Amino acid sequence: MDEKQKQQLWTKMKEAVIKGDNQAAVELAKEAIQLKLDLTETIEKGFVPGIRRVGQLWEEGEYFLPELISSAECMKQAMAVLQPELTKNKDSLETKARIVIGTVEGDIHDIGKNLVSSMLQANGFEIIDLGADVKLEKFIATAQEKKADFICLSALLTTTMTGQQRLIEMLKEQRLREKFKVVVGGAPVTAQWAESIGADGYGENALAAVRIIEQLTRQRREK
Amino acid sequence: MRTAFSVTIKNLGQIIKVKPEETLSQALARFNIPLRFDCGQRGVCGKCQVKILKGQVNPPGRQEKYILEFLKVDPSIRLACLTKPKGDLEIEVPSESLVQSVKILEKGVTTSFPYCPSLRQYLFTLEKPRVSSPSSLVERVKKVLALPELEFPLDILNQLGEEARELPKKMQLVIYQDKEVISLEADSSPTPLLGLAVDLGTTTVVGELLDLESGRSLAVASALNQQIRLGTDVITRLSEALISEGKRRTLQRAARRTINALIHKLCQKTGYHEENILEVVIASNTAMNHLLLGLPIHTLARAPYTALFQYLPEEKAQEVGLRISPRGKIFLAPNIQSFIGGDISAGLLATRFFEKSGRYLYLDLGTNGEIVLRNKNRFWGTSTAAGPAFEGVGLSVGMMAAPGAIYQVSATPSLEIKTIGRRKARGLCGTGLIDILSIALQKKWLSQNGRILLRERQIKLTPQVALAQDDVRKLQMALAAVKAGVKIVMAKAELDFDQLDGLYLAGAFGSELNIANAMAIGLLPAIDPAKVYFVGNASLAGARCLLLNYTLREELISQIKRINFLSLAREKDFQNIFIKSLNLSPYPEKE
Ligand code: B12
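Residues numbered from 1 in each chain as written. Chains lettered and ligands numbered in written order. Predicted model: local features only at pLDDT ≥ 70, side-chain atom pairs only at ≥ 80, totals over all residues. Heavy atoms only, no water.

A.B. asks: Is there a simple way to explain the side chain of B:Thr125 in this structure?
C.D. replies: All names here are of chain B. Mapped onto the fold, threonine 125 is located in strand 8 (residues 119–126). Using a relative accessible area of 13% as the deciding quantity, one classes threonine 125 as buried. Not counting chain neighbours up to four residues away, the residues in contact with threonine 125 comprise Gln63, Tyr66, Pro168, Lys169 and Lys170. (Helix = DSSP H or I, 4+ residues; strand = E, 2+ residues; numbered from the N terminus. Buried < 20%, exposed > 50% of the residue type's maximum accessible area, 1.4 Å probe, protein only. Contact = heavy atoms within 4.5 Å.)

Structural data, given as structure tokens:
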């Protein structure tokens, strides 16, 4: 396959993700495997630019939740096809970081958290999603057990936001604060709140979440 | 002696036969003429007045004379339960003497209820004790009134004793639900018996003063809930109250002060005194009634949002801190479950939701959208968190329905707006927001997924008022929360939208809501518009029902137990349905 054909295939992949066309994305992923293409390159140059463009469209106000969710889902499905092949070839895609995410106890709002999860996954992070109404102890235990880099906490209620604060206090009490980066979000959460409770980062929406986590990951590496 | 006299009721155009031993009231009852006997024909309430136009009747006795004089009525008036004809008669039954049914809703469905307030005034003469039967004064009062269970609080007993220094004496007793003496006076002049119906909303509070003897509305007033400084939605207020007992008390005081200010305003408007108000009925959501009573809300503030109580017996208004008669009572419309509170049970009562069989949807669109569905004999209820976007809160162009708010937009074909008070447009309130969304869709300024297609990325209504992209997004979320809630409830009941017999719409939107527009954007399901009934402030209407007929209280408490509470938080499919519902398009979607 020549460079030009590859370019064409990548363009198709990008478009499939932008349109949220699951079927096309899955077909294209299979095609890449059949053609024995370098899968890491396929992901980086085909699918990832797609999800990045979706992010832009969201920021420009062109896309709203339904589009964002279907694109993220599309990305997930394509990755599900590629992942087993990558593992087989042992050249597993390098995960940027491992993230434990969930909505804090007492709160069942999980739509925003799911979206953040999907976008992070689509952007190459390894996600351990604990779901909604998650006990604070469970975040810490899972993060330790799975040697996670990040704990991401979502809260949509003014009454449950305090769970984010509590978790950071618990980490301090258990002398684990330095082990994990804590990132918080959810509709009532603000940058000021995040700062006041001593979180490492805050994301206003799913895109901002990806951006801050990428930035913190880079900082971590540089150290 | 004749076996019957004929009595012509002039104003009703009816002639009835009355037996000589019969009272007029017995005869009228026999002919199903709905005369008022608040005291059950015991001759102590003075409500069954008739006017004797022609003919002979027995002369009034001492008791009747006392009542007629006390009430200062025309000399031709007699009490039907104490009057027997002595020949053929011509009489008139004034409309005030007929049992009233109370009209409940001004708009939408007109329902009415028989009238039966908690408070009744009884007039009688307490005679000198006879040597032959020295039974206690209390027993004698009970006997005269034929209320063997009547309770006398100690202070009333004290008064009775004082008054009994000199007998006989003409007494006026106000009795609560035929079981407790509320006030006792002797030789006074008639005092008004007033009641107050209140809709204690999270944002707006409305009070209506009513005359409990006639059921007439005297005045209505509204005000902002003073708690608003402590947060615009119930969760924020509950979390404030969680901080400390002091904060909780602050919230309680704010609610109390709001109602007391309304009471003051209503009394000023009508010239009555606060002390004349003897009962208050409040319809409010669960958070509001807990906060008004100053109760701990630890369980209500956190999932799964368990209330401390569902319903309470009538409490002393003084203990709640309401400035009415010191012996006045307060009744709260019963809460259904969790956040579905007394505002909804009252609304359901006003629309007689439990009475007629059929398939009905009751929607109360406020900060929390409440949904109750009836599929014949099964009921479901849920609450969905729409947020206050449709009340104009949290939007760059939103405002509450106040002067200067655009409440109507039409395209003829150029945009025309109407503002409240014909003031200069300052922003959009709920109904205006719905109109502009629908028009923008029609004109293709807006795509169904909510994207503003105009190059400016905003929809200008006036040079100052423009709907921004972010506003549309917030409205979409509020809309989707309601839509998803309705869809899920309908699915639980296995009901199709075209099977609905009617949809009652209560809450924030006034009758200015354009149904076609509301359906076009998917705020209301697209059913036959003739089946949509605006019921306006149904909570206040329900409070009025409960005030004017206390027997409805127990009935409502038992009816609401039929509602199955549905927690949307536990619905796995919520996310999918919610996301699909974000589209600004009519629903149910055509296959
Ligand atoms: C849908 C919804 C529900 C659904 C939830 C279904 C579900 N499975 O999630 C249902 C109907 C069940 C529900 C229930 C309740 N809700 Co609700 N709900 C909403 C609503 C309308 C939308 C939330 C949503 O999904 N938004 C879309 C997503 C994509 O946005 P998001 O969650 O904000 O997430 C984005 C960002 O915040 C960020 N983000 C989110 N998480 C994270 C995490 C990290 C780490 C980062 C970096 C970023 C990030 O990125 C996301 C994507 O861009 C909001 C109103 C609103 N405008 O937010 C009310 C709202 C959140 N709910 C509210 C309330 C009060 C409730 C109830 C208490 C109401 C009730 N009557 O019972 C219950 C509570 C249930 C519980 N125990 O938690 C209030 C909260 C008010 C307050 N002061 O706290 C709101 C704000 C509505 C209001 N104004 O009254 N609700």
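Picking up where we left off.
A.B. asks: What exactly am I supposed to notice about the sheet that holds strand 10 (residues 180–186) of chain B here?
C.D. replies: As a general point, the strands of a sheet are linked pairwise by backbone hydrogen bonds and lie either parallel or antiparallel. All names here are of chain B. The strand order across the open sheet formed by 3 strands is 8-9-10, and the pairing between neighbours is antiparallel. Edge strands, defined here as strands with exactly one partner in the open sheet, are strand 8 and strand 10. Going across the sheet, the axis of each strand differs from the next one's by a mean of 25°, ignoring polarity. Where helix 2 (residues 62–70) meets the sheet, its contacts fall on strand 8 and strand 9 (169–176), and the angle it forms with strand 8 comes to roughly 130°. (Pairing = 2+ DSSP bridges. Axes fitted to C-alpha atoms, helices over the stretch in contact; angles between N-to-C directions.)

A.B. asks: So what exactly am I meant to see when it comes to the domain arrangement of chain A here?
C.D. replies: Size of an interface: often given as the accessible area lost when the parts come together. Residue and element names in this part refer to chain A. Partitioning chain A into domains gives domain 1 (3–89) and domain 2 (98–222). In this assembly, 11 residues from domain 1 lie in contact with 10 residues from domain 2. Taken together, the links from domain 1 to domain 2 amount to 2 salt bridges. Here arginine 211 ties to glutamate 59 by a salt bridge, and the two come within 2.4 Å at their closest N and O atoms. Put simply, domain 1 and domain 2 have 2 residue pairs in polar contact (both at pLDDT 80 or more) between them. Considering every element that reaches the side of domain 1 that touches domain 2, the biggest residue donor is helix 4 (residues 65–88), with 6 residues. Classifying every residue of the side of domain 1 that touches domain 2 gives 7 nonpolar, 1 polar and 3 charged. (Domains from an automatic or database assignment. Salt bridge = Lys/Arg side-chain N within 4 Å of Asp/Glu carboxyl O. Polar contact = N/O pair within 3.5 Å; in protein donor to acceptor, adjacent residues only side chain to side chain. Nonpolar A, V, L, I, M, F, W, Y, C, P; charged D, E, K, R; others polar.)

A.B. asks: Explain the pairing of strand 2 (residues 14–18) of chain B here, please?
C.D. replies: On any regular strand, side chains alternate: one points to one face of the sheet, the next to the other face. Residue and element names in this part refer to chain B. Where strand 1 (residues 5–9) and strand 2 come together, 5 bridges link them in antiparallel fashion. Directly across from valine 7, in strand 2, lies its bridge partner isoleucine 16. Joining the antiparallel neighbours strand 1 and strand 2 is a turn of 4 residues, in which glycine 13 adopts a positive phi near 60°.

A.B. asks: I tried to follow the packing of aromatic side chains on my own but got confused; where do I start?
C.D. replies: By convention here, two paired aromatic rings are described through the distance between centres and the angle between planes. Residues and elements named next belong to chain B. One pass over the structure, following the stated rule, counts 11 aromatic pairs over all chains. Pairing tyrosine 305 with phenylalanine 339 gives two aromatic rings, centres 5.0 Å apart and planes at 45°, and the pair type is tilted. A residue pair is termed long-range when its members are at least 10 positions apart, and tyrosine 305 in the loop between helix 8 (298–301) and strand 15 (315–316) and phenylalanine 339 in the loop between strand 16 (329–332) and helix 10 (342–350) qualify at 34 residues. Looking at tyrosine 305, the relative accessible area reads 16%, which means it is buried. Relative to tyrosine 362, the ring of phenylalanine 353 lies with its centre 6.2 Å away and its plane at 80°, an arrangement referred to as edge-to-face. Here the aromatic residues Phe353, Phe354, Tyr360, Tyr362, Phe379, Tyr504 and Tyr533 are joined through ring pairs into a cluster of three or more. Cation over ring: lysine 329 sits above tyrosine 176, and NZ or CZ is 5.2 Å from the ring centre. (Phe/Tyr/Trp six-rings, centres within 6.5 Å; stacked < 30°, edge-to-face > 60°. Lys NZ or Arg CZ within 6 Å of the ring centre and 35° of its normal.)

A.B. asks: What should I look at first to understand the coordination of the cobalt atom of the ligand in this one?
C.D. replies: Ideal values differ by geometry: the angle at a metal is 109.5 degrees with four tetrahedral donors, but 90 or 180 degrees with six octahedral donors. In this structure, the cobalt atom of the ligand receives exactly one donor atom from the protein: A:His109 (NE2), at 2.3 Å. Turning to its location among the elements, A:His109 is positioned in the loop between strand 1 (98–103) and helix 5 (111–122). (Donors = N, O, S within 2.8 Å, 3.2 Å for Na, K, Ca; no water.)

A.B. asks: Mind showing me how you'd approach the site of the ligand here?
C.D. replies: By nearness alone, 44 residues border the ligand, and A:His109, A:Asp110, A:Ser154, A:Thr158 and B:Ser383 come closest of all. With respect to the ligand, its neighbouring residues span chains A and B. Within the contact set of the ligand, an oxygen atom lies 2.8 Å away from a backbone nitrogen or oxygen of A:Thr158. B:Thr236 places a polar side-chain atom, nitrogen or oxygen, 3.1 Å from a nitrogen atom of the ligand. Residue assignment for the shell around the ligand shows that the elements contributing at least two residues are helix 5, strand 3 (150–154), strand 4 (181–185) and helix 9 (206–222) of chain A together with helix 5 (234–243), strand 19 (378–384), helix 12 (469–492) and helix 16 (574–581) of chain B. Per element, the largest residue contribution to the shell around the ligand is 4 residues, and it comes from helix 5 of chain A. (Near = heavy atom within 4 Å.)

A.B. asks: What am I meant to see in the confidence of the model for chain A here?
C.D. replies: Looking at chain A as a whole, its pLDDT mean stands at 92, while 97% of the residues score no less than 70. Mean pLDDT across the secondary structure elements of chain A bottoms out at helix 4 of chain A, with 88, and peaks at strand 3 of chain A, with 98. (pLDDT = per-residue confidence, 0-100.)

A.B. asks: Would you mind going over the sheet that holds strand 3 of chain A with me for this structure?
C.D. replies: Residue and element names in this part refer to chain A. With parallel pairing, 5 strands are arranged side by side in an open sheet as 2-1-3-4-5. Among the strands making up the open sheet, the edge pair consists of strand 2 (126–129) and strand 5 (201–203). Taking each pair of neighbouring strands and ignoring which way they run, the sheet shows an average axis angle of 25°. Pairing geometry for strand 3 and strand 4, over 5 bridges, is parallel. Of the residues in strand 4, the one forming a bridge with leucine 153 is valine 184.

A.B. asks: Whenever I open this one, the environment of B:Val206 confuses me. Can you help?
C.D. replies: All names here are of chain B. Relative to the helices and strands, valine 206 is located in strand 12 (residues 204–211). Measuring from C-alpha to C-alpha, the distance between valine 206 and asparagine 225 comes to 9.4 Å, with 19 residues separating the pair along the chain. Residues within four places of valine 206 in sequence aside, it is in contact with Ala197, Val198, Asp199, Val220, Ala221, Ser222, Leu262, Asn537 and Leu540.

A.B. asks: Can you help me understand the domain arrangement of chain B in this one?
C.D. replies: All names here are of chain B. With domains assigned, chain B is organised as domain 1 (5–97), domain 2 (119–186) and domain 3 (194–332). Averaged C-alpha coordinates put domain 2 and domain 3 at centres separated by 33 Å. Each partner contributes residues to the interface: domain 2 has 10 residues there, and domain 3 has 6 residues. Per-residue buried area on domain 2 facing domain 3 is highest for Leu119, Tyr176 and Ile182; these three make up 63% of the total on that side. On the surface where domain 2 and domain 3 come into contact, there are 2 salt bridges. Of the charged contacts in the structure, one is a salt bridge between glutamate 180 and lysine 329, with a shortest N-O distance of 3.0 Å. The interface formed by domain 2 and domain 3 includes 5 residue pairs in polar contact (both at pLDDT 80 or more). Where the side of domain 2 that touches domain 3 is concerned, the elements lending two or more residues are helix 4 (154–163), strand 9 and strand 10. Its residues placed into classes, the side of domain 2 that touches domain 3 shows 5 nonpolar, 3 polar and 2 charged. (Buried area = accessible area lost by both parts, 1.4 Å probe.)

A.B. asks: Would you take a moment to explain unusual backbone geometry for this structure?
C.D. replies: Note: most residues except glycine have negative phi, and most peptide bonds are trans. All names here are of chain B. Looking along the chain, the bond that leaves threonine 412 and enters proline 413 is cis, with omega of -5°. Position of proline 413 relative to the elements: it lies in the loop between strand 20 (405–411) and strand 21 (415–419). Between tyrosine 587 and proline 588 the backbone carries a cis peptide bond, its omega angle lying at 0°. Looking at where proline 588 falls in the secondary structure, it is placed in the segment after helix 16. Of note in this structure, arginine 422 is not a glycine but carries a positive phi near 50°. Along the polypeptide, arginine 422 turns up in the loop between strand 21 and strand 22 (427–428). One non-glycine residue, arginine 457, lies in the positive phi region at around 60°. Residue placement: arginine 457 occurs in the loop between helix 11 (430–442) and strand 23 (458–460). Arginine 457 gets classed as partly exposed once you look at its relative accessible area, which sits at 34%.

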